[in-house]
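Observations on the model geometry
So the chains spell out like this:
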Amino acid sequence: MPELPEVEVTRRSFSERIAGARIRAVRLGKPLRWPLGEAADTLYGLAVLAVRRRGKYLLLDLSEGWLLLIHLGMSGSLQFSNDLPPGGSHDHFDLVTTAGTLRLHDPRRFGAVVLTTGQTSATAIKLLGRLGVEPLEDDFTATAFHAALKTRSAAIKQVLLTGDVVVGVGNIYASEALFLAGIRPTVRASRITAARAEKLRAAIRDVLARAVEQGGSTLRNFSSADGQVGHFQSEAMVYGRAGQACRQCASPILQIRQGQRSTFYCKVCQRT
């Protein structure tokens with residue numbers, strides 16, 4: 001599943017090229033997770049003002065107060081080009097602009113494209129309103145993070161994945177950040193001290209920033225809107241390395257299941 005780094009890498013790969021472009025046409029394929037919400041021809045003639053990100057959502061600010069929200073789901077990716085071939089069976093949305101075509105490719109169709117009247121609309125609030133703080137922004141403070149963790153009795157890995165404390169720390173990067181902070185993924189969030197919360201906060205920021213620099217992680221088919229694959233997976237310390245030697249202590253990396261997701265950790269380096 002594309003996580004925050006992959007979505008941010010995608011945003012950066014086309015945001016400057018599409019800014020200022022006018023929408024000429026919209027092509028819809030098979031239904032996605034949620035309907036567009038408005039008639040497709042509402043988009044005709046609108047200008048793309050900017051492309052932002054909120055958690056794992058891409059937000060295209062359009063003229064006349066419209067907002068287009070795009071979620072990549074579990075298997076989605078975007079392409080942006082002047083020379084795309086005709087859409088295939090897994091291409092479900094084309095935004096044709098004067099600068100090129102933005103296409104959503106999504107084999108599993110868990111992605112979504114939603115058009116609404118700005119970020120304060122009921123639709124936008126329903127999708128974005130419960131998202132936690134952005135981990136790479138200044139609002140992600142140690143004090144607030146620790147206070148939020150003290151209210152949660154679930155395992156810290158599960159709390160990170162919910163996205164309502166801190167947004168965008170998906171499965172890969174939660175495992176990596178917990179390793180870097182030396183925290184076992186099964187420990188209750190409420191038991192984490194202020195000092196360890198600060199260490200985890202710093203680890204989350206470090207891991208996500210490095211992942212963005214590496215173009216994200218390409219485990220199967222992720223690529224940015226200009227066709228570049230990610231390379232962070234090659235430097236992962238624990239994720240996907242079950243049975244292999246820990247890069248720090250040489251103990252075997254363990255794999256467990258938490259909430260139907262795979263978790264990877266080192267029992268020596270992550271004692272508490």
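Structure's up top.
This report concerns the structure included in the present document. (Residues numbered from 1 in each chain as written. Predicted model: local features only at pLDDT ≥ 70, side-chain atom pairs only at ≥ 80, totals over all residues. Heavy atoms only, no water.)

1. Here's the deal with unusual backbone geometry
Phi at Glu64 is positive, roughly 65 degrees, even though this residue is not glycine. Tracing the backbone shows Glu64 in the loop between β3 (57–62) and β4 (67–71). Positive phi outside glycine occurs at Gln260, with the angle close to 65 degrees. Looking at the secondary structure, you find Gln260 in the loop between β9 (254–258) and β10 (261–265). (Helix = DSSP H or I, 4+ residues; strand = E, 2+ residues; numbered from the N terminus.)

2. Thoughts on the packing of aromatic side chains
Counting across every chain of the model gives four aromatic pairs. With centroids separated by 6.1 Å and ring planes inclined at 40 degrees, the aromatic side chains of Phe14 and Phe80 adopt a geometry described as tilted. Of the two residues, Phe14 is situated in helix α1 (residues 4–18) and Phe80 in strand β5 (residues 77–81); the sequence distance between them amounts to 66 residues. In this structure, Phe14 and Phe80 share a single accessibility class: buried. Relative to Phe145, the ring of Phe140 has its centre 5.1 Å away and its plane inclined at 65 degrees; by these criteria the two rings are edge-to-face. This pair shows no difference in class: Phe140 is buried, exactly as Phe145 is. The cationic tip of Arg33 hangs over the ring face of Trp34; the distance from NZ or CZ to the ring centre is 4.2 Å. (Phe/Tyr/Trp six-rings, centres within 6.5 Å; stacked < 30°, edge-to-face > 60°. Buried < 20%, exposed > 50% of the residue type's maximum accessible area, 1.4 Å probe, protein only. Lys NZ or Arg CZ within 6 Å of the ring centre and 35° of its normal.)

3. Observations regarding the sheet that holds strand β7 (residues 100–105)
Spatial ordering of the open sheet is given by β1-β6-β7-β5, a layout of four strands whose pairing is antiparallel. Each having just a single partner strand, β1 (23–28) and β5 make up the two edges of the open sheet. Pairs of neighbouring strands in the sheet enclose a mean axial angle of 15 degrees, with direction left out of account. Direction of pairing for β5 relative to β7: antiparallel, over a ladder of five bridges. When the sheet's bridge partners are listed, Ser81 is paired in β7 with Thr101. Across the sheet, α1 is in contact with β5, β6 (91–97) and β7; its angle to β5 comes to roughly 30 degrees. (Pairing = 2+ DSSP bridges. Axes fitted to C-alpha atoms, helices over the stretch in contact; angles between N-to-C directions. Contact = heavy atoms within 4.5 Å.)

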